[in-house]
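Listed here are the chains, written in short residue letters.
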Amino acid sequence: MKRTIGVGIIVAFLLTLCVLEQVLVKNTLQKINQNANSLYDTAIKLENVNTNEILKESEKILAYWEKNEDLLCFFVNHKDMHEMGNEIIKTISYCKNNIKEEFLTSLELVIYFTSTFDHIMGVSLQNIF
């Protein structure tokens, strides 16, 4: 009887952790995806990406990413997280140097990473156990 209760508590803890992971990852990636898509739509219309509006939005994405990256590293591979952060930092660099093609490419990679990470971290039995 005690063993059954112990196993039940462990399973409940793992399920709770899995649901928490899914909610945290999904919300973070969704917000970054929305902001990046909005920034992409704005930047593609402009000839010059070295504007205050583009720079502020890029820095806003980076600040949000840095705020949530530590929590996500518990659930997603650190190497993948590092690549996402690098691409966000590159967008700021390309914005400051007014390299539109590279800016858009890095932003497209950020958008790609948000959709890829969301698929990788979906709820599954493998993630629970």
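Residues numbered from 1 in each chain as written. Predicted model: local features only at pLDDT ≥ 70, side-chain atom pairs only at ≥ 80, totals over all residues. Heavy atoms only, no water.

Draft legend 1. A look at the overall build of the chain. A tally of helices and strands in the chain yields five helices and zero strands. Buried positions account for 36% of the 129 residues belonging to the chain. Expressed as a percentage of contacts within the chain between residues at least 6 apart in sequence, the contacts between residues at least 24 apart total 75%. Here the chain displays about 8,100 Å² of accessible surface, and carbon together with sulfur accounts for 57% of that area. (Helix = DSSP H or I, 4+ residues; strand = E, 2+ residues; numbered from the N terminus. Buried < 20%, exposed > 50% of the residue type's maximum accessible area, 1.4 Å probe, protein only. Contact = heavy atoms within 4.5 Å. Areas by Shrake-Rupley, 256 points an atom, 1.4 Å probe, with all protein chains shown as cover.)

Draft legend 2. Summary view of unusual backbone geometry. With a phi angle near 55°, Asn-98 is a residue other than glycine that sits in the positive phi range. Locating Asn-98 in the fold gives a position in the loop between α3 (78-96) and α4 (100-120). Among the residues examined, Asn-98 registers a relative accessible area of 34% and is labelled partly exposed.

Draft legend 3. Structural context of the side chain of Ser-58. For Ser-58, the position within the fold is in helix α2 (residues 52-72). Taking relative accessible area as the criterion, Ser-58 reaches 0% and is therefore assigned buried. Non-local contacts of Ser-58, meaning those with residues more than four positions away in its chain, are made with Leu-39, Ile-88, Thr-91, Ile-92 and Phe-103.

Draft legend 4. Main features of the pattern of salt bridges. A complete count under the given rule lists two salt bridges for this structure. Here Glu-57 and Lys-60 are joined by a salt bridge, their closest N and O atoms 3.9 Å apart. With Glu-57 and Lys-60 both in helix α2 and three residues apart, the pair spans about one turn of that helix. Residue classification places Glu-57 among the partly exposed positions, given a relative accessible area of 27%. Accessibility expressed as a relative area gives 41% for Lys-60, which makes it partly exposed. For Lys-90, the salt bridge identified is with Glu-87, shortest N-O distance 3.3 Å. In this pair, Lys-90 and Glu-87 both sit in helix α3, three residues apart, roughly one turn of the helix. A residue is classified by how much of its surface remains accessible, and Lys-90, at 34% relative accessible area, is partly exposed. (Salt bridge = Lys/Arg side-chain N within 4 Å of Asp/Glu carboxyl O.)

Draft legend 5. Quick peek at the environment of Ile-89. Topologically, Ile-89 is positioned in helix α3. Separated by 17 residues in the primary sequence, Ile-89 and Ser-106 have C-alpha atoms spaced 9.0 Å apart.

Draft legend 6. Here's a closer look at the packing of helix α1 (residues 2-45) against α2. Remark: α1 packs on α2, axes separated minimally by 10 Å, with the N-to-C direction vectors making an angle of 165°. It follows from the interaxial angle that α1 and α2 lie roughly antiparallel. As α1 runs across α2, the sense of the crossing is left-handed. Across the interface between the two elements, Leu-24, Val-25, Asn-27, Thr-28, Lys-31, Ile-32, Asn-35, Ala-36, Leu-39, Thr-42 and Ala-43 from α1 touch Glu-53, Ile-54, Glu-57, Ser-58, Lys-60, Ile-61, Tyr-64, Trp-65, Asn-68, Leu-71 and Leu-72 from α2. Grouping the constituent residues of the contact of α1 with α2 by class yields 12 nonpolar, six polar and four charged. (Axes fitted to C-alpha atoms, helices over the stretch in contact; angles between N-to-C directions. Parallel < 35°, antiparallel > 145°, perpendicular 65-115°, else oblique. Left-handed = near helix turned anticlockwise from the far one by under 90°. Nonpolar A, V, L, I, M, F, W, Y, C, P; charged D, E, K, R; others polar.)

Draft legend 7. Here's a closer look at α2. Look at α2: 29 Å from first C-alpha to last across 21 residues, which is about the 30 Å you get at 1.5 Å a residue. The largest bend in α2 is about 30°, located at Glu-66. Along α2, the positions that sit buried rather than exposed are Ile-54, Leu-55, Ser-58, Ile-61, Leu-62, Tyr-64, Trp-65, Asn-68 and Leu-72. (Expected span 1.5 Å × (residues − 1). Bend = angle between axes of the 7 residues up to and from the residue.)

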